[in-house]
Amino acid sequence: IAEYGSSGINAEYGGISISAIYEGNPKLTLALVWHLILRYSHLHEGDMMGVSAEVHCKNWCGKNTDGYVGLENIEKDFLGTWVTGLVLPAIINRSNPELIDYRDLYYNKSPEERFEISFDVS
């Protein structure tokens, strides 16, 4: 849901706001990733044996954004990469390329616009 207020666009996904991700809030970024994992993949019992949820989230994001321009360092700079607004559209594009034109977002949109578009389609 996107709302237009005096401070710009306020969009949410699963109760997590664009501004929280853009500001680099680690807990809410990981919560968003967890929502995405549950939505776009099929976790099976035992998939996380011996691995923390945080490590699983980072590994999952790395796997699902592999090969996308601008996301080469996601596993080294997880939060910094999310702040660019590129991770969510890459994940959506990997799942359904018709929903988001990743190259257009990468070259022509600001991080705020990337989040807005991504939240709108997810």
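Our structure is the block above this text.
Caption draft 1: Structural view of the nonpolar core. Among the nonpolar cores identified, the biggest contains 24 residues, and Val33, Cys61, Leu71, Trp82 and Val87 are the most heavily contacted of them. Taken together, the elements giving at least two residues each to this core come down to α1 (18-22), α2 (26-40), α3 (53-65), α4 (78-83), α5 (87-95), α6 (102-108) and α7 (111-121). Top contributing element to this core by residue count: α5, with five residues. Those residues in contact with valine 33, other than ones at most four positions away along the chain, are Cys57, Trp60, Cys61, Phe78 and Trp82.

Caption draft 2: Seen up close, the environment of histidine 35. Relative to the elements of secondary structure, histidine 35 occurs in helix α2. The spatial distance from the C-alpha of histidine 35 to the C-alpha of isoleucine 16 is 9.9 Å, given a sequence separation of 19 residues.

Caption draft 3: A look at the packing of aromatic side chains. Counted by the stated rule, this structure contains five aromatic pairs. With a centroid separation of 4.8 Å and 75 degrees between ring planes, the pair formed by tyrosine 68 and tyrosine 102 is classed as edge-to-face. With tyrosine 68 in the loop between α3 and α4 and tyrosine 102 in helix α6, this pair connects stretches of sequence that are 34 residues apart. Comparing tyrosine 68 with tyrosine 102, the two get one shared label, buried. Where phenylalanine 78 meets tryptophan 82, the ring centres are 6.3 Å apart and the plane angle is 65 degrees; that geometry is what we call edge-to-face. Separated by four residues within a single helix, phenylalanine 78 and tryptophan 82 lie in helix α4, roughly one turn from each other. For the pair phenylalanine 78 and tryptophan 82, a shared accessibility class is recorded, and that class is buried. Here the aromatic residues Tyr68, Tyr102, Tyr106 and Tyr107 are joined through ring pairs into a cluster of three or more.

Caption draft 4: A look at the side chain of asparagine 64. Secondary-structure assignment places asparagine 64 in helix α3. According to the relative accessible area criterion, asparagine 64 is buried, its value standing at 17%. Within the structure, the side chain of asparagine 64 is placed 2.9 Å from the backbone oxygen of tryptophan 60, a separation counted as a polar contact. For asparagine 64, the residues in contact, after removing those within four places along its chain, are Ala90, Ile91 and Arg94.

Thresholds applied
Residues numbered from 1 in each chain as written. Predicted model: local features only at pLDDT ≥ 70, side-chain atom pairs only at ≥ 80, totals over all residues. Heavy atoms only, no water. Core = buried A, V, L, I, M, F, W, Y, C linked by side-chain atoms within 4.5 Å. Buried < 20%, exposed > 50% of the residue type's maximum accessible area, 1.4 Å probe, protein only. Helix = DSSP H or I, 4+ residues; strand = E, 2+ residues; numbered from the N terminus. Contact = heavy atoms within 4.5 Å. Phe/Tyr/Trp six-rings, centres within 6.5 Å; stacked < 30°, edge-to-face > 60°. Polar contact = N/O pair within 3.5 Å; in protein donor to acceptor, adjacent residues only side chain to side chain.

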